[in-house]
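# Inside the fold
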Amino acid sequence: MTDQLERGPARTAHAGVLLSSVGERGVLCDFYDEDGSDTYRDLIQDSDGTLETREFAARVPGDPGPVLELAAGMGRLTFPFLELGWEMTALELSATVVAAFRKRLAEAPSDLRKRCTVVQGDMSAFALGKRFGAVVISSGSVNELGEADRKGLYASVLEHLAPGGKFLLSLELTKPVDAEPVERSQELSGRSGRRHVLHVKILPSEEIQEITIYPADETADPFVVCTHRRRLFTVDRIVRELGQAGFDVVARKPFASTGGGRDDMVLVEAQRS
Ligand code: SAM
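Along every chain, residues carry numbers that run from 1 in the direction the sequence is written. Thresholds applied to this predicted model are a pLDDT of at least 70 for local features of residues and 80 or more for the giving and counting of side-chain atom pairs; totals over whole chains, interfaces and linings are not thresholded and use all residues. With hydrogens and water excluded, all non-hydrogen atoms of the structure serve as input to the side-chain values.

The name given to the protein chain in an unreviewed UniProt entry is SAM-dependent methyltransferase, with Amycolatopsis regifaucium as the source organism.

## A look at the packing of helix α8 (residues 147-160) against helix α9 (residues 235-245)
Interaxial distance between α8 and α9 falls to 10 Å at its minimum, and their mutual angle equals 55°. Classified by the angle between their axes, α8 and α9 sit oblique to one another. The two elements α8 and α9 cross, and the hand of that crossing is right-handed. In this structure, α8 uses Glu147, Arg150, Tyr154 and Leu158 to contact α9, whose residues at the interface are Arg237, Ile238, Glu241, Leu242 and Ala245. Orientation is described by axes fitted as lines to C-alpha atoms, over the contacting stretch for helices, and by angles from 0 to 180 degrees between their N-to-C directions. Numbering of helices and strands starts at the N terminus; helices are DSSP runs of H or I of at least 4 residues and strands are runs of E of at least 2. Roughly parallel here means an angle under 35 degrees, roughly antiparallel means over 145, roughly perpendicular means 65 to 115, and every remaining angle is called oblique. A crossing counts as left-handed when the near helix is turned anticlockwise from the far one by less than a right angle, and as right-handed when that turn is clockwise. Contact between two residues is taken to exist if any of their heavy atoms lie within 4.5 Å; hydrogens are not considered.

## Regarding the UniProt feature "domain: Methyltransferase" (unreviewed entry) in the protein chain
UniProt positions are given in the numbering used here, feature names are shortened, and annotations may be inferred rather than shown by experiment. In this numbering, the UniProt entry assigns the feature "domain: Methyltransferase" (unreviewed entry) to residues 67-165. The span residues 67-165 shows a helical share of 37% and a strand share of 26%, and its end C-alpha atoms are spaced 10 Å apart.

## Some words on the confidence of the model for the protein chain
pLDDT is defined as a per-residue confidence score from the predictor, taking values between 0 and 100. The pLDDT averaged across the protein chain works out to 91; a share of 95% of its residues lies at or above 70. Across the interfaces of the predicted complex, the ipTM metric reaches 0.99, alongside a pTM of 0.90.

## A short note on the pairing of strand β6 (residues 161-172)
Looking at chain direction, strand β5 (residues 132-137) and β6 are connected through 5 bridges and run parallel. For Val135, the partnering residue across the bridge sits in β6 and is Phe167. Handedness of the crossover joining β5 and β6 through α8: right-handed. A pair of strands counts as paired when DSSP detects no fewer than two bridges linking them. When the strands point away from the viewer and the path from the first strand over the helix to the second turns clockwise, the crossover is right-handed.

## Observations concerning the sheet that holds strand β12 (residues 265-272)
Sheet architecture is open: 7 strands sit in the order β4-β3-β2-β5-β6-β12-β11, paired in mixed fashion. Of all the strands in the sheet, the pair left with one neighbour each is β4 (116-120) and β11 (247-255). Taken pair by pair, the neighbouring strands of this sheet meet at an average axis angle of 20°, ignoring direction. Here β11 runs beside β12; their pairing, made up of 8 bridges, is antiparallel. Following the sheet pairing, Arg252 is matched in β12 by Val268. Against the sheet, helix α6 (residues 95-106) touches β3 (87-92) and β4, its axis set at about 165° to β4.

So this is what it looks like as structure tokens:
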């Protein structure tokens, strides 16, 4: 399983520079842990998953039966799936994120609440004692897992697919990684109106992307620096791994996840071979 939450936050080089400049105001956390949850909520919880949800839904016409969402986060896609009338099981590793998901669900209409089960678990090794018409995983989530854990993910999914069931993954369309490290920063607005800086550094030799998020306001107190490291790989690699794990990839459809129109993701549909 991803061990970042157990090991504690990564002190990225960029985080190191920031923390030494802000002194005692500085707090280092992982994007998915307790201290990071405020930033996560501000940036991600309600970010628009409409176009991504639509791509999943197009692959599951009619009533799919029970649907399992892996690495569900705070429900960015789960809640739109519930709105479609689906019966959902949402599995997520982080205790903080699960607690926030449960709180959000408790405030949802009872019809949605009744159709959603929340499980704290590891997507690379789970046993729910139930089979699903579809298992879905959103963009960015497979990137949490190293190679051995991805094998565990594929094996666990196979164990949970009902006959004819679909494994649907949205994957980021990444370019092959350049040989040299690449760094970039951009400012983002959270739903609270707060401004955050997102700094991304790609480490080609490790096939890792280091993410550092911190307040644009240099005087913020506490000055919370959230970090996360995620794997980088191409869609071809995941498709190849799915084939080796016992799946047939029956479709891969590029789509645009934002209104901008440029295809930045691929919806991959796989079934048991
Ligand atoms: N699906 C959500 C969304 O679209 O907003 C969250 C996606 S976020 C990129 C990745 C999520 O995977 C985080 O919530 C993280 O805590 C969770 N995660 C990381 N490793 C995991 C694992 N081994 N099993 C289950 N969830 C995991």
